[in-house]
Every structure is written in structure tokens, then in C-alpha cells.
Amino acid sequence: MSPESRLTAEDRPQAADRLDDDQYPAYTMGRAAELIGATPGFLRALGEAELISPTRSDGGHRRYSRQQLRRAARARELVDQGTPIEAACRIVRLEDDLDAALRMNEELRREAGRPGGNGERRGE
């Protein structure tokens, strides 16, 4: 009997929710490498460069989330274009930082534009 078939009815919705969770470490190293067209060694190198930090299963095997695979795939694109792996990792981190800053900026603009927001528009 597989572990999935032993789940109770109460556990099933929670388990199903993980399918949509970008942070859930669902992929083994071999599958992750296959999905991004890289080698397990490349994924280990990204871990050593601290671009991604896979979780470990009870048996000690690396497990990767979809978010980590997106970062790894972007690093692979850069490396394939001739960028050294250390530089590729730095670029991916900076791109992530920029995306986060842009989202925060947009949220602050929305808040400032709402009635009762702290921002005042010029000319009004």
C-alpha cells in the first residue's frame, strides 16, 4: 500500500494544497536536473554558491521546490550564455531583489493612492 493511499480524508485536502505550493520541496535531484536540462552536479554547484538551498528528506536526499527550479533554470540560461556560475548566481539574486523592490514599490503606490493613504498627489 502506498503512503498516499494511507492518508485520511482530513489529510487529503492538505496534501492536495501542496501541489500549488511553489515552496514545497517536491522534486528529487535527478528529476530537478532533468526538468531544467542540467546535471545533478550543476544543482550541487548552485547549492554551494548558496543560490538555492534544497531541503533534505529523512534519508538525506536533496529535494527542490518549483521556486528553486525557476532560479536554477535562470542560472543555467546565464551559464549557457557564457556567464561564470558565480556571476550567474549573483545576477539571479539581483534580479530577485529588483522584482521584490518593484512589487513593494507598486504596493506602496496603491496604498498611497487609496482614500486615507499617507501619500498626497501633487496638484490636488
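Anything mentioned here points back to the structure above.
None of the values given here were measured: they were computed from a predicted structure. (Residues numbered from 1 in each chain as written. Predicted model: local features only at pLDDT ≥ 70, side-chain atom pairs only at ≥ 80, totals over all residues. Heavy atoms only, no water.)

**Digging into the overall build of the protein**
Under the convention used in this document: By the criteria applied, helices consist of DSSP H or I runs no shorter than four residues and strands consist of E runs no shorter than two, each listed in order from the N terminus. Burial classification: accessible surface area is computed with a 1.4 Å probe over protein chains only, and a residue below 20% of its type maximum counts as buried, one above 50% as exposed, and the rest as partly exposed. For this analysis, residues touch if any pair of their heavy atoms sits within 4.5 Å.
A count of helical and extended segments in the protein gives 5 helices and 3 strands. Overall, the protein shows an N-to-C arrangement of helices and strands of α-β-α-α-β-β-α-α. Going through the 124 residues of the protein one by one, you find that 17% of them count as buried. Excluding contacts between residues fewer than 6 apart, the proportion of contacts in the protein whose partners are at least 24 apart in sequence is 54%.

**Quick look at unusual backbone geometry**
Despite not being glycine, glutamate 50 has its phi angle at roughly 60°, a positive value. Within the element layout of this structure, glutamate 50 appears in the loop between α3 (40-48) and β2 (55-56).

**Side note on the nonpolar core**
Formally: In this text, buried Ala, Val, Leu, Ile, Met, Phe, Trp, Tyr and Cys residues form a nonpolar core when linked through side-chain atoms within 4.5 Å.
The biggest cluster of nonpolar side chains holds 18 residues, and the ones touching the most others in it are Ile36, Leu43, Leu46, Leu51, Ile52 and Tyr64. Among the secondary structure elements, those contributing two or more residues to this core are α2 (29-36), α3, α4 (66-80) and α5 (85-113).

**Structural notes on α3**
Short version of the rule: This arc is built from the directions going out from the helix axis to the C-beta atoms.
Of the residues making up α3, those classed as buried are Phe42, Leu43 and Leu46. Down the axis, α3 shows its buried residues gathered within 100° of arc, on one side only. Contacts made by the buried residues of α3 are with α2, β3 (62-64), α4 and α5. Once α3 ends, the next one or two residues include glutamate 50, with phi positive near 60°.

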